[in-house]
Amino acid sequence: MTEPRKTLILGSGPAGYTAAIYAARANLAPVLLTGRQPGGQLTITSEVENFPGFPHGVMGPELMVHFREQAARFGTEIHDETGVKVDLKRRPFTVTTDTDRVFHCETLIVSTGASALYLGLPNETKLQGRGVSACATCDGFFFKNKLVYVVGGGDSACEEANFLTKYASKVRLVVRRDALRASKIMQQRALQNPKIEVLWHQNVTDVFDVQKGKVTGLELTHTTTGKKQQVEADGLFLAIGHRPNTELFRGVLDMDDVGYIKTVPGKAATNLPGVFAAGDCQDSYYRQAVTAAGSGCMAAIEAERWLESQHDH
């Protein structure tokens, strides 16, 4: 791909697709690389009730299909590839994908999102897909009439727990503290659900697979007394937060200590002219689909105006 594109977008969540919609309508002929998780985190989310325009809610994967169709409708060139190498030292910028394809672009919009965090237990990785999961929507169906545990105390944990009650016989929510961090409505739903039991002041410190090949139990450790107990379990779902997918830009773009890309206050511009960031890769505060979409709009508008300013110069 030797001919430089006006705009290249990395990532296909609400931020990336919204940036594509606006860039395409501005005649920037954007190219979008969907990344390792096409559609972003909403593809592993159940019902989305707070996105404007859907008064009765919408399933996360369905919403992202709409985003993609709308971006394509205006002429966005979409590739199911992942950027694995970048050269931002000079313009046009260069992005190499996991299929060894090379794209050159005048402006770059980074909307690579964030990924779910895991506990870091030895058996956790081995048992992923065999009872350990970070996606209730993806895997809940496989736990019909089973006993499952969900780790976390925020909105995601409460949503996962509530969703799993559609299948599981019992859901136990493991919370490190004596209170939930979730919004009031999500707390209410979890605490009032008869199939959800909250285990306060507990950590999951080990995952067992006695039958070899699938989760059969957990070790719980009390956060204040240190007392350990072994419990039977058929599944473990993690909902303890996310890490921004920004490793590709470490040492290239300014970031905070966690890895969120720093942007100009109130804007999408990064420390490198012509490079913009939107969505969960730069937002550690709101982390909502609607704010990600808004920041994608901002990034596209700023890219368009930046290109115009370069032409004027």
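Predicted, not measured: the structure shown is a model, and the values here were computed from it.

K.L.:
Sorry if this is basic, but what is going on with the sheet that holds strand β13 (residues 196-199) here?
P.N.:
Adjacent strands of a sheet pair through backbone hydrogen bonds, lying either parallel or antiparallel. The strand order β10-β17-β11-β12-β13 describes an open sheet built from five strands, whose pairing is parallel. In this open sheet, the two edge strands, each paired with only one partner strand, are β10 (132-133) and β13. In this structure, strand β11 (residues 147-151) lies alongside strand β12 (residues 170-174), joined through five bridges in parallel fashion. When the sheet's bridge partners are listed, Val150 is paired in β12 with Leu173. On the sheet, helix α5 (residues 155-164) packs against β11, β12, β13 and β17 (235-238) and is oriented at approximately 170° with respect to β11.

K.L.:
Would you mind showing me how to read the pattern of salt bridges here?
P.N.:
Pairing is possible between side chains of opposite charge, provided their charged atoms come close. Inspection of the entire model under this criterion finds nine salt bridges. Linking Glu77 and Arg5 is a salt bridge whose minimum nitrogen-to-oxygen distance equals 2.8 Å. Placement of the pair is Glu77 in strand β5 (residues 77-79) and Arg5 in strand β1 (residues 5-10), with a sequence separation of 72 residues. In this structure, Asp209 engages Lys126 in a salt bridge whose closest nitrogen and oxygen atoms are separated by 3.4 Å. Of this pair, Asp209 sits in the loop between β14 (202-208) and β15 (217-222) while Lys126 sits in helix α3 (residues 122-126), placing them 83 residues apart in sequence. The buried category is assigned to Asp209, whose relative accessible area is 8%.

Definitions and limits used
Residues numbered from 1 in each chain as written. Predicted model: local features only at pLDDT ≥ 70, side-chain atom pairs only at ≥ 80, totals over all residues. Heavy atoms only, no water. Pairing = 2+ DSSP bridges. Helix = DSSP H or I, 4+ residues; strand = E, 2+ residues; numbered from the N terminus. Contact = heavy atoms within 4.5 Å. Axes fitted to C-alpha atoms, helices over the stretch in contact; angles between N-to-C directions. Salt bridge = Lys/Arg side-chain N within 4 Å of Asp/Glu carboxyl O. Buried < 20%, exposed > 50% of the residue type's maximum accessible area, 1.4 Å probe, protein only.

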